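The chain contents come next:
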Amino acid sequence: MIPTGCMGAFEITRLGPEDDAEIAAFAETLEEVHRAAFLPEAMERHRSAIAREHRVLSLVRGMELVAIVIEQGSKTALPVSHPTVIVRQERRREGIGTALAARIEAADRESGRVAIAAGVMADDQPTAAFLTHLGFRHADTLLKMETPLTPADEIAGSMVDIRHWDPANTGWSEQIATLYNVHFARGGSIPPISADDIATSAAKIGTRLLVALERETEDLVGYIEWLPDAMVHSIVVRRRWGGRGVAEALVRSLKRHIKAEGGTKLTSFVSPRNAASLRLHRAEGAQEVDQMRTYKKLLGDTLDAT
Ligand SMILES: CC(C)(COP(=O)(O)OP(=O)(O)OC[C@H]1O[C@@H](n2cnc3c(N)ncnc32)[C@H](O)[C@@H]1OP(=O)(O)O)[C@@H](O)C(=O)NCCC(=O)NCCS
C-alpha cells in the first residue's frame, strides 16, 4: 500500500466518507468510462472494499483532488497487484501518474508481490502508452463477455451437487487450490496459491465460490469463483470430469444465485485461445462486448510464460 505523506508538492491521504463530496466533484470531471466508479452510489461499494483491505487513496494539492489510487492493501493474499490510478483530466501529462506508479511499485516490491498487472480496454491508447512508458509489457488479450441471466436455465448434470464454498471446510479449499494451481500456475508467471489464500481473499476481497461435489463420494470435482459485481474470476473442472456438464451446472447455479441477489448478468474475461471456455460461454448465451489487453510488469526474477 503506498504510504501517505508528501509527494513533492502533493499530499497523499487515505480517503474517508468525509471526502465523498469532493470525490463526486472529481468524478464529474472524468470521462464517462471512469466516472461511474466514483459516483455517490458507487462509493458505498468502495467503502466496503476499504473495509476488506482494498484502499482508496487520494492525492491532494492544496484543496484540489488531482488523482485517486485504488489498490489492494498489503495484507491481501494476491501476489500480483492490480492497482488503478486516475488523474484529473486537466492535470495529465505532468508526471503525476508516473510518480504514483513508482510509489505503488515500491510498496508492492516491499510487500513481496511478484508482479503488477493492468487491464486496458481495446480502444484506450493513452493508458496503453502510459503503461509502456512505465516498463509494462503487453501480456495477453482477453475477450470481455457478458452472460445474461435468462430464466430458463435448467441444471442437468445430476452426477454432481453444487454447494456454496464453506470456509470451515479446509479439505475443499485444499482441493480448490490444487485445481487452480494445476490449471493456472504451471511454471508461468502466475504463482501457486494455498488453501489459506482462498480464505484470505474471500474475507478481504469478497471473492465467493461454488463447488461441484460428486454425489456418491462428495469429492470436489470443480469450482467457480467470482468477485463482487458477478465478475467471474475462474472456473475449473477436474480433467477426468470434463465434458459431463459440470461447468455448465456451476455456471447455471451461479446465474441463479446472482439473479436471486438482483443481478442482471455475469461478466467474465476469456482468452480467445481457450476454446472450451469460449464454447461454454457461448452455450450459456454470453456475448463478446469488448476486448481487454492485459499488461504486466514483473517485480522479481520470475519468468513470464505468457
Ligand atoms: C493513465 C493516466 C493515469 C496517466 O497519468 P498521467 O499523470 O497523465 O501520466 P504521466 O504524466 O506520468 O505520463 C507519463 C508518460 O505516459 C505516456 N502517456 C501518458 N498519457 C498519454 C497519452 N494520453 N498519450 C500518449 N502517451 C501518454 C507518455 O509517455 C507520458 O510521458 P510524456 O508526457 O513525457 O510524453 C491518466 O491518463 C488517467 O488518469 N487516465 C484515466 C484513468 C486510467 O485509465 N487509469 C488506468 C491506469 S491503471
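Just above sits the structure.
Each value, and the rule that gives it
- Numbering of residues starts from 1 in each chain and follows the order in which that chain's sequence is written.
- Confidence filtering applies because this is a predicted model: local features only for residues at pLDDT of at least 70, side-chain atom pairs given and counted only at 80 or more, and all residues used for totals across whole chains, interfaces and linings.
- Hydrogens and water are ignored here; the side-chain numbers use all heavy atoms of the structure.
- Between rings of Phe, Tyr and Trp, where Trp is taken as its six-membered ring, a pair exists when centres lie within 6.5 Å; planes separated by under 30 degrees are stacked, by over 60 edge-to-face, and by other angles tilted.
- Helix and strand definitions here come from DSSP, where helices need a minimum of 4 consecutive H or I residues and strands a minimum of 2 consecutive E residues; each element is numbered from the N-terminal end.
- Only protein chains enter the accessibility calculation, which uses a 1.4 Å probe; a residue whose area is less than 20% of its type maximum is buried, one above 50% is exposed, and one in between is partly exposed.
- Charges are assigned to positions over rings by a cutoff of 6 Å between ring centre and Lys NZ or Arg CZ, combined with an angular limit of 35 degrees from the ring normal.
- What makes a salt bridge here is a side-chain nitrogen of Lys or Arg within 4 Å of a carboxyl oxygen of Asp or Glu, nothing more.
- Being near a molecule or strand, for a residue, means having at least one of its heavy atoms within 4 Å of it.
- Polar contact is defined as a pair of N or O atoms within 3.5 Å, subject to the rule that within protein one atom must be able to donate a hydrogen and the other to accept it, and that residues adjacent in sequence are counted only when both atoms are side-chain atoms.
- Using a 1.4 Å probe, accessible areas were evaluated by the Shrake-Rupley method; residue-level cover was limited to the displayed protein chains.
- The contact criterion used is simple: two residues touch if any of their non-hydrogen atoms lie within 4.5 Å.
- A 1.4 Å probe that fits into a set of points on a 1 Å grid over the protein atoms alone but cannot get out defines a cavity; an open set with protein on both sides within 12 Å along at least five of seven lines defines a pocket, and lining residues are those with an atom within 4 Å of a point.
- Grid points are joined across faces, edges and corners, and a volume is the space filled by probe spheres set on the points.
- Under the scheme applied here, ten amino acids are nonpolar (Ala, Val, Leu, Ile, Met, Phe, Trp, Tyr, Cys and Pro), four are charged (Asp, Glu, Lys and Arg), and all others, including Gly, are polar.

It is not clear to me how the packing of aromatic side chains should be interpreted in this structure. Could you clarify?
Two descriptors summarise a pair of aromatic rings, namely the distance from one centre to the other and the angle between the planes of the rings. All told, the structure shown has 1 aromatic pair when counted by the stated rule. Aromatic pair Tyr 180 and Phe 184: ring centres 5.0 Å apart, planes at 45 degrees, arrangement tilted. With a gap of 4 residues between them, Tyr 180 and Phe 184 both fall in helix α6 (residues 170–184), about one helical turn apart. Tyr 180 sits in the buried class, given a relative accessible area of 12%. The exposure class assigned to Phe 184 is partly exposed, which follows from its relative accessible area of 33%. The lysine or arginine in question, Arg 244, covers the ring of Trp 241, its NZ or CZ lying 4.3 Å from the ring centre.

What am I meant to see in the pattern of salt bridges here?
Side-chain pairs of opposite charge can arise where the charged atoms are in close proximity. Inspection of every chain in the model, using the stated rule, returns 16 salt bridges. Among the ionic pairs, Arg 163 bridges to Glu 218, the shortest N-O distance being 2.8 Å. Remark: Glu 218 occurs in the loop between β10 (208–214) and β11 (220–227) and Arg 163 occurs in strand β9 (residues 160–164); sequence separation between them is 55 residues. In this structure Arg 163 comes out as partly exposed when scored by relative accessible area, which is 31%. Put simply, Glu 248 and Arg 252 hold a salt bridge, and the shortest N to O gap is 3.9 Å. Note that Glu 248 and Arg 252 are positioned in helix α8 (residues 246–260) at a spacing of 4 residues, about one turn of the helix. For Glu 248, a relative accessible area of 26% corresponds to the partly exposed category. Taking the relative accessible area as the measure of exposure, Arg 252 reaches 16% and is therefore buried. In this structure, a network of salt bridges that share partners links the residues Glu 64, Arg 88, Glu 90, Arg 91 and Glu 94.

I tried to follow the site of the ligand on my own but got confused; where do I start?
Looking at the ligand, there are 18 residues lining it, with Val 85, Val 87, Gly 95, Gly 97 and Thr 98 nearest. Within the backbone of Val 85, a nitrogen or oxygen atom sits 2.8 Å from a nitrogen atom of the ligand. Val 87 places a polar main-chain atom, nitrogen or oxygen, 2.7 Å from an oxygen atom of the ligand. A total of 920 Å² of accessible area belongs to the ligand in isolation, and the protein chains cover 77% of it. Mapped onto the shell around the ligand, the elements with two or more residues apiece are β6 (84–87), α4 (96–110) and α5 (125–133).

Explain the environment of Ala 27 here, please?
Among the structural elements, Ala 27 can be located in helix α1 (residues 20–28). Accessibility expressed as a relative area gives 0% for Ala 27, which makes it buried. Placed 11 residues apart in sequence, Ala 27 and Phe 38 show a C-alpha to C-alpha distance of 5.6 Å. Filtering out sequence-adjacent residues up to four positions away, Ala 27 remains in contact with Arg 35, Phe 38 and Leu 39.

Could you clarify how one ought to interpret empty space enclosed by the protein in this entry?
By rolling a water-sized probe across the atoms, one finds the places where empty space is left. Evaluated as defined, the whole model comprises 2 cavities of 30 Å³ or more. What the largest cavity holds in volume is close to 80 Å³. Lining of the largest cavity is provided by Thr 147, Ile 224, Val 232, Ile 235, Val 251, Leu 266, Ser 268, Leu 280, His 281 and Glu 284. Elements with a contribution of two residues or more to the lining of the largest cavity: β12 (231–237), β13 (265–270) and α9 (275–283). Tallied by class, the residues present in the lining of the largest cavity amount to 6 nonpolar, 3 polar and 1 charged.

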